[in-house]
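The residues making up each chain are set out below.
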Amino acid sequence: MGSNGTYPCPFCEIDKLSMQSPRHGRHPSKPRTFQDIMAYFNENMRTTQCDPRQQAQFKNVASRPLVACFADDKDELIEWVAVPFLHITIKIGTYLWKEYVRLCKDIDFVLACNVADGFLPNVYSSTTDFGAMILKIEQGQRVNEKCSSGPLSSKYDEFMRTLRVIPEAHHGVSLTGVRSGYFVKANHAPFWQDNFYNNTLIRPQDKLCFQSRLLALDRLRVAYKDVLLAGGKNKKVEKLAEIESLKKSRDKFLQEYRSLAKSISVKIHFLEDHFVEQVQKWGMFSGAWNEQGGESTHSLFHQHEHMTNHYRNDEERIVKLCELTTRKYLLRVKSNSKSKHDE
């Protein structure tokens with residue numbers, strides 16, 4: 001299973017095309033159980049030897065789940081594997097950041113066009129970077145520089161740094177970790193008030209066009225902020241009203257997201273179909289199972305993977321991996337030192 005497959009979701013058997021429709025406009029998808037996953041895997045091995053070109057007919061099951069050795073066959077995967085709420089937040093934060101930067105670039109592009117065409121005083125001609133932008137526009141080339149190239153974009157980059165948010169390269173361009181949360185929760189109004197609404201160099205008709213895009217992005221950001229506050233708490237579910245509030249926040253966000261985004265990714269599907277369901281089943285919000293603290297163990301497991309390849313039994317292999325990781329990295333006890341507690 002994977003995001004590029006025909007059936008990308010590990011929790012249900014929904015296909016990519018059905019994922020694009022709102023949940024209230026399609027039939028409920030069948031949950032994945034360990035029994036079904038193993039049946040698909042065994043059939044895949046028997047007939048195609050897990051040929052990557054023929055995975056769709058086996059619901060994209062190309063390997064056996066490691067946690068299956070601890071679960072009952074009829075258990076659903078969502079009862080054992082947490083919905084990755086941290087990665088959903090990174091996805092939304094990255095999407096918003098890219099759209100805000102794209103909006104800044106488009107505004108800079110229009111400003112440069114106005115200057116180049118003589119609509120406005122040539123106030124930026126003395127700026128080297130902006131002068132180069134005007135030359136490219138006159139040559140008929142679309143400006144596609146880094147976010148520091150234009151007058152508005154460069155200020156937005158500085159604004160990002162005041163939020164302790166510095167974009168980093170991570171599978172392309174992405175915000176990492178809790179920085180996405182900072183970005184979503186921050187108040188962006190002062191930046192746009194100072195640099196866009198009060199900008200007298202933008203023609204009124206252009207300002208109206210950009211204003212509608214800006215307001216749509218702000219609505220989306222505020223909607224996800226409500227989801228983050230409602231679903232990211234580190235506590236048990238105490239009242240039914242908390243679940244209803246989370247559902248309303250989720251539905252409002254999805255409505256805004258579908259009006260802007262071209263397609264629905266598997267992480268947005270997690271939020272739409274599985275996140276609230278898991279909060280209800282587990283009786284606690286995502287802050288109680290946040291995966292941020294376990295992110296570093298991925299690399300630790302990979303470092304020791306070659307040391308456990310000789311184990312034929314998956315359960316023994318997992319136990320040995322956990323033992324090696326815990327003993328070498330998590331229990332940092334020096335053999336030649338004793339604490340007062342030890343004495």
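The structure we're discussing is the one just above.
A brief look at the structure comes next.

Cut-offs and rules
Residues numbered from 1 in each chain as written. Predicted model: local features only at pLDDT ≥ 70, side-chain atom pairs only at ≥ 80, totals over all residues. Heavy atoms only, no water. Helix = DSSP H or I, 4+ residues; strand = E, 2+ residues; numbered from the N terminus. Buried < 20%, exposed > 50% of the residue type's maximum accessible area, 1.4 Å probe, protein only. Areas by Shrake-Rupley, 256 points an atom, 1.4 Å probe, with all protein chains shown as cover. Core = buried A, V, L, I, M, F, W, Y, C linked by side-chain atoms within 4.5 Å. Contact = heavy atoms within 4.5 Å. Axes fitted to C-alpha atoms, helices over the stretch in contact; angles between N-to-C directions. Parallel < 35°, antiparallel > 145°, perpendicular 65-115°, else oblique. Left-handed = near helix turned anticlockwise from the far one by under 90°. Nonpolar A, V, L, I, M, F, W, Y, C, P; charged D, E, K, R; others polar. Salt bridge = Lys/Arg side-chain N within 4 Å of Asp/Glu carboxyl O. Phe/Tyr/Trp six-rings, centres within 6.5 Å; stacked < 30°, edge-to-face > 60°.

### Comments concerning the overall build of the chain
Broken down by element type, the chain carries 12 helices and 2 strands. Along the chain, helices (α) and strands (β) appear in the sequence α-α-α-α-α-β-β-α-α-α-α-α-α-α when read from the amino end. Within the chain, the fraction of its 343 residues that count as buried is 43%. Total accessible area on the chain is roughly 19,600 Å²; 52% of this is exposed by carbon and sulfur atoms.

### Some details on the nonpolar core
Residues Y156, F183, W192, Y224 and F253 are the most contacted members of the largest nonpolar core, which totals 67 residues. If near-sequence neighbours (up to four positions away) are discounted, W192 is found in contact with Y100, L103, C104, I107, L152, Y156, Y197 and L214.

### Description of the packing of helix α8 (residues 204–231) against helix α9 (residues 240–260)
Interaxial distance between α8 and α9 falls to 8 Å at its minimum, and their mutual angle equals 155°. As the angle between them shows, α8 and α9 are arranged roughly antiparallel. Along this stretch, α8 crosses α9, giving a crossing that reads as left-handed. Contacts between α8 and α9 involve A216, L217, R219, L220, A223, Y224, D226, V227, A230 and G231 from the former and L246, S249, R250, K252, F253, E256, Y257 and L260 from the latter. Considering only residue class, the contact of α8 with α9 consists of 11 nonpolar, 2 polar and 5 charged.

### Considerations on the pattern of salt bridges
Enumeration over the complete set of coordinates arrives at 15 salt bridges. In this structure, E256 engages R219 in a salt bridge whose closest nitrogen and oxygen atoms are separated by 3.4 Å. Of this pair, E256 sits in helix α9 while R219 sits in helix α8, and the two are 37 residues apart along the sequence. For E256, a relative accessible area of 14% translates into the label buried. When the shortest N-O distance is used, the salt bridge between D251 and R250 registers 3.1 Å.

### Observations concerning the environment of D206
In this structure, D206 sits in helix α8. Owing to a relative accessible area of 14%, D206 belongs among the buried residues under this scheme. Considering only alpha carbons, one finds D206 and V110, 96 residues apart in sequence, at a separation of 8.0 Å.

### Remarks on the packing of aromatic side chains
Here the structure, examined in full by the defined rule, presents 16 aromatic pairs. Arranged with centres 6.0 Å apart and planes meeting at 40°, the rings of Y156 and W192 form a pair that is tilted. Of this pair, Y156 sits in helix α5 (residues 151–162) while W192 sits in helix α7 (residues 189–197); the two residues are 36 residues apart in sequence, bridging distant segments of the chain. There is no split in this pair, since Y156 and W192 are both buried. A centroid spacing of 5.1 Å and a plane angle of 70° characterise the contact between F196 and Y197, whose relative ring orientation is edge-to-face. According to the relative accessible area criterion, F196 is buried, its value standing at 1%. A residue is classified by how much of its surface remains accessible, and Y197, at 27% relative accessible area, is partly exposed.

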